[in-house]
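Topology and contacts: notes
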Amino acid sequence: MNSFALNDNDTTDTMDINDDTRGLNYDENLLFEKERTDTPGVDLPTLKGTSSRTGQPTRKNIGLHQVSEPQVVRHFVRLSTKNYSIDSGFFPLGSCTMKHNPRINEKVARLPGFAHIHPMQPESTVQGALAVMHDLQNWLAELTNLPGVCLTPAAGAHGELAGVMTIRRAHESQGNAHKNIMLVPDSAHGTNPATAAMCGYKIRVIPTKETGRVTVEAFKEALYADGDDGHDIAGMMVTNPNTCGLFETDIAEIVDLLHDAGGYFYCDGANFNALVGKIRPGDFGVDVMHINLHKTFSTPHGGGGPGSGPICVADNLKPYIPSPIVLKEGKQYRLERDGERETSCGRLKGYQGQFGMHVRALTYMMSHGADGLKRVSEDAVLNANYILSQLKDDYHVPFAGPCMHECLFTEKYQKENGVTTLDIAKGLIEYGMHPMTVYFPLVVNGAMLIEPTETESKDALDRFTKVMKKLAADARNGETEKFHDYPVSAPTRRLDEVKAAREPKLRWKNS
Ligand SMILES: *Cc1c(COP(=O)(O)O)cnc(C)c1O
């Protein structure tokens, strides 16, 4: 290395040019690595009997960072600028519904009456907050036509757990504890079989490889696999529209057969953005469904979250949902007390869910109104079909469209020239685009699942398809080598993903 410029990542006297820092784009190391033992982060009076300004003469480095306030501020500000987010650009992750989070949501959630309350406050002092939750329960019940709503689950996967626990509780209460099999299509999100297994169910897989959908024939084969009338079938978990971006067209007939066998239909509601305001899942036979407020209803995802995954259930399952739910008695709101509803499958977590997300989701619903929510799903489906139509000649479409709110391609054409889905994803990064969801769903090889959402402009979609077309053309022209180098311009290039998976470094060690 040259012996010249410095950034504050350097902690020794031999400060070198940091090869990874270019164009004011700092490569940020760990706070622990900034530590030095010879200067204090704060000014302390010199201790008597020791020459060390830090007062740590006998303790060797104990891992406390000796960094100053400006260093700490810069560290965290730099890290914060490394977050690629929906606020920085297009984010076409299929099945994730990365839509714009309207600022009105944030404004309302920050009102002191919502932001500064505590879950243990007396109910008489938080009537407004309880009213918000009660209204949200009503909106969700109305939009799904599933009248029993519990807002507590903290994410979609947590909602699945709540929903399958509800199903299990119902079977147990109805003398059907022998029902121990959950049907799950092979296109399902991994959380579906994982949840069923956590609840003690055996998983029976319904194949969808040929058609991209659950057919009545494939369903019957799974339902009656034991040569009986579906005696042991507890239920079925299906995403509709499914993870191939297709509406499950045979669902009504399938659900009738399932109900005849005494099973419950769990709908994974992660893809509700394709349906919201247009059709109500309760109308096509759904018994239980979770809703990802952080997908369909624009509350922030993940690290910017937390998420929220309420469940909605049909009348016959209402007695079994987790508690507490918000009740209205006269003009007063209150939370259900523990044990008040004996049939409940119990409490999922402390308190009553991610209240800040409830405020944001209700704000979104009320600011859109019924007509606005309908436009949401219509525009989401339109945008996905636009991308499908633009790219269908460049990328292999495994299942014929039209699609719902996301479109699925595979690497088939590019693979002929040695270019894979991973190469295309890295190429997108090179051209300033966040990649789509890759290698999911598992039912096709080298899947690329693209969900634009309704909040992107036609310009944004055109920029994306232009890059995708360029990558397809480069692959067609045999420019394979350069694909393997992508991304060239990003601070971090190709990672050794196999090594990262095999030898994960889960904590920092002071070497
Ligand atoms: C996102 C998603 C989930 C899980 O939701 P989380 O909130 O991430 O736990 C489940 N199923 C499908 C189809 C999803 O897209």
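Please read all numbers here as calculations on a predicted model, not as lab measurements. Numbering of residues starts from 1 in each chain and follows the order in which that chain's sequence is written. With pLDDT at 70 or above as the cut-off, local features in this predicted model cover only qualifying residues; side-chain atom pairs require 80 or more to be listed or tallied, and sums for whole chains, interfaces and linings still use all residues. Computation of side-chain values covers all heavy atoms of the structure but excludes hydrogens and water.

Some thoughts on a nonpolar patch on the surface
Put simply, a patch holds well-exposed residues, over 30% relative accessible area, that have no salt bridge, with like charges counted together within 9 Å and Val, Leu, Ile, Met, Phe, Trp or Tyr side chains within 5 Å. Here the accessible surface of atoms and residues is derived via Shrake-Rupley with a 1.4 Å probe, and residues count as covered only by protein chains that are part of the display. A pair is scored as a salt bridge if a Lys or Arg side-chain nitrogen falls within 4 Å of a carboxyl oxygen belonging to Asp or Glu. Together, Leu30, Phe32 and Trp508 line one region of the surface with nonpolar side chains, adding up to about 250 Å² of accessible area. Along the chain, leucine 30 turns up in the segment before helix 1 (69-81). The class for leucine 30 is partly exposed, based on a relative accessible area of 37%. In this text, helices come from DSSP runs of H or I with a minimum length of four residues, and strands from runs of E with a minimum of two, each type numbered from the N-terminal end. Buried means the residue's accessible area, taken with a 1.4 Å probe over protein chains only, is under 20% of the maximum for its type, while exposed means over 50%, and partly exposed covers the values in between.

Some remarks on the nonpolar core
Leu140, Leu183, Phe219, Met236, Phe265 and Phe297 are the most contacted members of the largest nonpolar core, which has 60 residues in total. Counting residues per element, the ones that place at least two in this core are helix 4 (127-144), strand 2 (181-185), helix 7 (216-223), strand 4 (233-239), helix 8 (251-260), strand 5 (264-268), strand 9 (332-335) and helix 9 (355-391). Excluding residues within four positions of it along the chain, phenylalanine 219 makes contact with Leu183, Ile206, Val214, Met236, Ile254, Leu257 and Leu258. Listed in part, the 26 residues of the second largest apolar core include Ala188, Ala196, Cys199 and Val288. By nonpolar core is meant a set of buried Ala, Val, Leu, Ile, Met, Phe, Trp, Tyr and Cys residues that side-chain atoms within 4.5 Å join together. Contacts are residue-level and defined by heavy atoms, with any inter-residue pair within 4.5 Å sufficient.

Considering the confidence of the model for the protein
Taken as a whole, the protein shows an average pLDDT of 91; of its residues, 89% reach a score of 70 or greater. Per-residue confidence from the prediction method is given by pLDDT, with values spanning 0 to 100. Under a pLDDT of 50 for its full length, residues 1-6 has, in the predicted model, 14 contacts with residues more than four places off or in other chains.

Regarding the site of the ligand
Around the ligand, the structure places Ser95, Ala155, Gly156, Ala157, Glu160, His189, Thr191, Asp268, Ala270, Asn292, His294 and Lys295. Within 3.5 Å is the distance limit for a polar contact, defined as a pair of N or O atoms, with the added protein rule that one can donate a hydrogen and the other accept it, and that residues adjacent in sequence qualify only through two side-chain atoms. Serine 95 is positioned with one of its side-chain polar atoms (N or O) 2.6 Å from an oxygen atom of the ligand. With respect to the ligand, the side chain of histidine 294 contributes an N or O atom lying 2.6 Å from an oxygen atom. For the shell around the ligand, the leading source of residues is helix 5 (residues 156-173), giving three residues. Gly is put with the polar residues, along with every residue not named as nonpolar or charged; the nonpolar set is Ala, Val, Leu, Ile, Met, Phe, Trp, Tyr, Cys and Pro, and the charged set is Asp, Glu, Lys and Arg. Of the residues contributing to the shell around the ligand, the split by class is three nonpolar, six polar and three charged. Nearness of a residue to a molecule or strand requires only that one of the residue's heavy atoms be within 4 Å of it.

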